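# What the coordinates show
Here is how the chains run, residue by residue.
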Amino acid sequence: MAAQIYGGEMRARRRREITAKLAEIPELHDSMPLPYMTREEKIMESARKLTVLTQRMSEIIDPTDAGELYHLNNEVLGIEGNPMALHGVMFIPALNAQASDEQQAKWLIRALRREIIGTYAQTEMGHGTNLQNLETTATYDIGTQEFVLHTPKITALKWWPGNLGKSSNYAVVVAHMYIKGKNFGPHTFMVPLRDEKTHKPLPGITIGDIGPKMAYNIVDNGFLGFNNYRIPRTNLLMRHTKVEADGTYIKPPHAKINYSAMVHVRSYMLTGQAIMLSYALNIATRYSAVRRQGQIDKNEPEVKVLEYQTQQHRLFPFIARAYAFQFAGAETVKLYERVLKEMKSGNVSLMADLHALTSGLKSVVTHQTGEGIEQARMACGGHGYSMASYISEIYGVAIGGCTYEGENMVMLLQLARYLVKSAALVKSGKASQLGPLVAYLGARSEPTSLIDRVPNGGITEYIKTFQHIAKRQTLKAANKFFGLMENGEKREIAWNKSSVELNRASRLHTRLFIVEAFARRVNEIGDITIKEALSDLLHLHVNYELLDVATYALEDGFMSSTQLDYVRDQLYFYLQKIRPNAVSLLDSWEFSDRELRSVLGRRDGHVYENLFKWAKESPLNKTDVLPSVDTYLKPMMEKARQSKL
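Throughout what follows, the structure given in this document is the object of discussion. All figures in this text were calculated on a predicted structure; none of them were measured in a lab. (Residues numbered from 1 in each chain as written. Predicted model: local features only at pLDDT ≥ 70, side-chain atom pairs only at ≥ 80, totals over all residues. Heavy atoms only, no water.)

### Points about the pairing of strand 9 (residues 229–232)
The criterion, for reference: Exposure categories follow from relative accessible area, calculated using a 1.4 Å probe and restricted to protein chains: below 20% of the type maximum is buried, above 50% is exposed, and the middle band is partly exposed. A helix here means a DSSP run of H or I that spans at least four residues, while a strand means a run of E at least two residues long, and both kinds are numbered starting from the N terminus. A pair of strands counts as paired when DSSP detects no fewer than two bridges linking them.
A one-sided burial pattern is seen for strand 9, the buried positions being Tyr229 and Ile231 and the unburied ones Arg230 and Pro232. Relative to strand 9, strand 3 (residues 146–150) is paired through four bridges, and the arrangement is antiparallel. Looking at strand 9, one finds that Phe147 is bridged to Ile231.

### Remarks on unusual backbone geometry
Across the chain, the bulk of peptide bonds are trans and the bulk of non-glycine residues have phi less than zero. Here the phi dihedral of Arg114 falls at roughly 65 degrees; this positive angle occurs in a residue that is not glycine. Structurally, the position occupied by Arg114 is in the loop between helix 6 (101–112) and strand 1 (118–121).

### Digging into the pattern of salt bridges
Filter applied, for reference: Throughout this description, the term salt bridge denotes a Lys or Arg side-chain nitrogen within 4 Å of a carboxyl oxygen of Asp or Glu.
This structure, assessed with the given rule, holds 44 salt bridges. A single network of salt bridges, built from pairs that share partners, joins Arg321, Glu371, Arg511, Glu545 and Asp548.

### Some points on the side chain of Asn82
Defined as follows: The contact criterion used is simple: two residues touch if any of their non-hydrogen atoms lie within 4.5 Å.
One can find Asn82 in the loop between helix 4 (66–76) and helix 5 (85–98). Apart from the residues lying within four places of it in its own chain, the contact partners of Asn82 are Ser46, Leu50, Leu77, Asn163, Ile218 and Val219.

### As for the sheet that holds strand 7 (residues 205–209)
Spatially, three strands are ordered 4-8-7 in an open sheet, and the strand pairing comes out antiparallel. The sheet terminates laterally at strand 4 (158–159) and strand 7, the two strands that pair on one side only. With two bridges connecting them, strand 4 and strand 8 (residues 222–226) associate as antiparallel partners. Paired with Lys158 across the two strands is Leu224, which belongs to strand 8.

### Focus on the nonpolar core
Note the cut-off: Put simply, buried Ala, Val, Leu, Ile, Met, Phe, Trp, Tyr and Cys residues joined by side-chain atoms within 4.5 Å make one nonpolar core.
Core analysis: the biggest nonpolar cluster contains 115 residues, and Leu281, Phe316, Tyr323, Leu534, Leu537 and Trp589 have the highest contact counts within it. When residues in this core are grouped by element, the largest group, 15 residues, is from helix 8 (residues 309–344). Look past the residues within four positions of Leu534 in its chain and what remains in contact with it is Met1, Gln4, Tyr323, Phe327, Phe518, Val522 and Ile525. Core analysis: the next-biggest nonpolar cluster, separate from the first, contains 23 residues, Tyr140, Ala171, Met177 and Tyr229 among them.

### Some details on helix 5
Test applied: Multiplying one less than the number of residues by 1.5 Å gives the expected span of a helix. A residue's bend is given by the angle between axes fitted to the 7 residues ending at it and the 7 residues starting at it.
For helix 5, built from 14 residues, the straight-helix expectation of 20 Å at 1.5 Å per residue is met to within 8% by its first-to-last C-alpha distance of 20 Å. Within helix 5, the axis deviates most sharply at Phe91, by approximately 30 degrees, and proline Pro93 lies no more than four positions further along. Taking burial as the measure, the 14 residues of helix 5 include 10 buried ones, the bulk of the element. Those residues of helix 5 lying buried are Ala85, Leu86, His87, Met90, Phe91, Ile92, Pro93, Ala94, Leu95 and Gln98.

### Considering the environment of Arg491
Along the chain, the position of Arg491 falls in helix 13 (residues 491–524). The spatial distance from the C-alpha of Arg491 to the C-alpha of Glu555 is 29 Å, given a sequence separation of 64 residues. Other than its neighbours up to four places away in sequence, Arg491 contacts Phe481 and Met485.

### Here's the deal with a nonpolar patch on the surface
For clarity, the threshold we go by: What makes a patch is a set of residues exposed beyond 30% relative accessible area and free of salt bridges, joined within 9 Å when like-charged and within 5 Å when nonpolar (Val, Leu, Ile, Met, Phe, Trp, Tyr). Residue burial considers only the protein chains on display, and all accessible areas are found by Shrake-Rupley using a 1.4 Å probe.
A cluster of nonpolar side chains, contributed by Tyr632, Leu633, Met636 and Met637, occupies part of the molecular surface with about 440 Å² of accessible area. With respect to the secondary-structure elements, Met636 resides in helix 20 (residues 627–642). The class of Met636 is exposed, set by a relative accessible area of 51%.

### What about the packing of helix 2 (residues 9–23) against helix 4?
We apply this condition: Orientation is described by axes fitted as lines to C-alpha atoms, over the contacting stretch for helices, and by angles from 0 to 180 degrees between their N-to-C directions. Take the far helix as the reference: if the near one is turned anticlockwise from it by less than a right angle, the crossing is left-handed, and if turned clockwise, right-handed. Residues are grouped as follows: nonpolar covers Ala, Val, Leu, Ile, Met, Phe, Trp, Tyr, Cys and Pro; charged covers Asp, Glu, Lys and Arg; every other residue, Gly included, is treated as polar.
It is at 10 Å that the axes of helix 2 and helix 4 come closest, and there the two elements cross at 35 degrees. Two packed elements cross with a definite hand, and for helix 2 against helix 4 that hand is right-handed. Of the residues in helix 4, those touching helix 2 at Arg11, Arg14, Arg15, Ile18, Thr19 and Leu22 are Gly67, Glu68, His71, Leu72, Glu75 and Val76. Each residue belonging to the contact of helix 2 with helix 4 can be placed in one class, and the counts come to four nonpolar, three polar and five charged.

### Some points on the packing of aromatic side chains
Selection rule: Centre distance within 6.5 Å is the pairing criterion for rings of Phe, Tyr and Trp, where only the six-membered ring of Trp is used; planes under 30 degrees apart are then read as stacked, over 60 as edge-to-face, and the remainder as tilted. A ring has a charge above it when a Lys NZ or an Arg CZ is no more than 6 Å from the ring centre and no more than 35 degrees off the ring normal.
Under the defined criterion, the tally for this structure stands at 15 aromatic pairs. Aromatic pair Tyr140 and Phe147: ring centres 5.1 Å apart, planes at 45 degrees, arrangement tilted. The pair formed by Tyr140 and Phe147 is uniform in burial state, with each residue classed as buried. Through a chain of ring-to-ring contacts, three or more aromatic side chains come together here, namely Tyr6, Tyr279, Tyr323, Phe327, Phe518, Trp589 and Phe591. Above the face of the Tyr6 ring, Arg15 is positioned so that its terminal group lies 3.8 Å from the ring centre. Between the NZ or CZ atom of Arg417 and the centre of the ring of Trp495, over which it lies, the distance is 4.4 Å.

The following block contains the structure:
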């Protein structure tokens with residue numbers, strides 16, 4: 001099963017080998033539980049491990065293998081971040097995608113060797129997703145052949161980029177480029193921020209940390225301002241766009257090339273979110289197999305809480321979602337790699353489809369991942385509220401995905417624009433021009449759902465039902481938008497008045513893709529045992545998901561209430577069927593105890609003795625009497641005892 005999750009037996013085996021190797025290197029282990037450290041101590045601890053890791057990396061992994069590097073970072077540095085978190089995730093990919101060969105020779109090699117540390121500075125205090133209204137400017141000075149970077153007002157401060165505050169000495173900065181008074185829109189620039197020897201900010205640079213956050217506090221998310229700060233013309237990243245010495249602007253050959261960096265991050269976000277959801281589910285499900293509470297049969301002893309149907313209903317559908325997200329993410333990454341190859345030969349036909357798809361997936365997956373992690377925390381009862389469970393940190397890190405790399409509602413609307421264009425093709429009789437991801441919008445559908453109506457219909461009939469409701473909602477929302485414009489509303493006003501219905505269409509389209517990707521993966525599997533286990537998860541998934549969106553199938557009579565009863569019965573059947581495999585389905589992700597950092601999620605199940613041991617390590621327990629008691633509470637109590645009523 002691990003081979004299915006991670007894309008092959010070789011990758012699964014390498015993960016195990018890396019974990020075993022790390023167990024033999026104590027200096028790469030946490031020196032104490034992270035929840036007991038201050039933010040400054042965590043940052044120091046992370047920098048210490050990062051330095052050791054840099055020295056010993058080549059003996060543990062192949063540093064050029066992104067999958068091995070990702071696993072190594074999760075095991076050693078963890079999910080709370082590290083001083084180079086954005087260096088590998090955003091800075092190097094930006095140089096790879098947007099720097100010319102000459103620029104890569106100058107900067108990329110240094111970045112890969114860790115001679116410099118970089119980040120990606122796009123978001124501002126006043127603007128995030130709306131790139132067209134970013135306020136940082138880069139004005140070209142023809143006389144000196146320099147760009148002058150400037151922050152015209154406080155809302156133009158770069159705000160939130162990871163590792164910007166204290167760690168990075170370079171950044172790829174997004175700013176509006178002005179040449180001879182004309183705004184050419186947002187472009188990317190390679191910008192030195194700190195002196196390479198002293199690490200002090202360079203003149204004209206205002207930079208610092210934005211303060212503690214909900215989670216992810218090892219990372220120094222920062223602010224950045226420019227006071228007429230000059231960089232050479234050749235610091236404009238020029239793989240696709242160029243500015244000549246005389247100010248002549250050479251635009252990229254394809255406008256959609258600029259999507260590539262965003263699509264890259266969103267494609268890989270999906271599997272990252274699946275990992276974090278699986279962390280929480282591992283913890284909650286293992287603990288649910290240890291914790292005994294109450295009795296189902298009064299004549300029997302207390303039972304494991306995992307035997308309760310309510311606990312199964314709370315956890316098992318999210319186990320299915322974790323697998324579904326992993327498989328959809330892997331399929332999306334393959335599609336992204338295919339698009340990159342086609343772009344090199346000038347074919348950008350699939351980029352719009354992929355951009356729309358990843359926008360929807362990013363929104364739906366991050367939202368549902370957050371829901372699942374919170375359900376896992378609550379499934380652990382009171383102990384889930386303790387940092388000993390570590391679930392609250394997992395939640396805090398994962399839920400940030402709802403807003404970074406594009407706010408979720410905006411992402412749904414980006415997908416909706418694509419769906420509306422597709423609906424317009426259907427409306428005008430040009431369904432043959434639909435992209436492959438929306439071909440179902442122009443296909444003929446059954447008058448009613450055939451779930452529970454045809455022998456051996458199985459998953460196929462569920463997929464047809466998801467297609468029907470996604471198609472109906474898309475055409476309904478698009479028609480509302482078209483109708484408002486036909487009645488005289490301005491396009492922007494009509495769009496705003498239709499946006500909730502359009503977002504519903506985007507969610508349904510995205511959830512359809514996830515179901516289809518899950519089904520495709522199960523159909524590809526040859527191993528009968530693995531196929532049966534995943535098939536059970538797939539059946540649980542489609543029944544749970546369909547119940548969640550059943551209103552759309554009922555409102556036009558496509559499904560009946562009796563069919564809905566059948567779907568519920570199927571859901572309960574598969575909850576019971578999956579119960580014996582539940583822990584194994586999560587053990588298959590092969591997370592070590594070191595990676596989970598959870599007392600409740602220990603693989604050996606020895607929760608209670610280790611929970612007591614963990615509590616005794618609290619810094620508050622180093623002394624029997626705290627200074628706060630001596631200074632304030634004891635005098636208060638003594639004074640109260642001496643006073644007369």
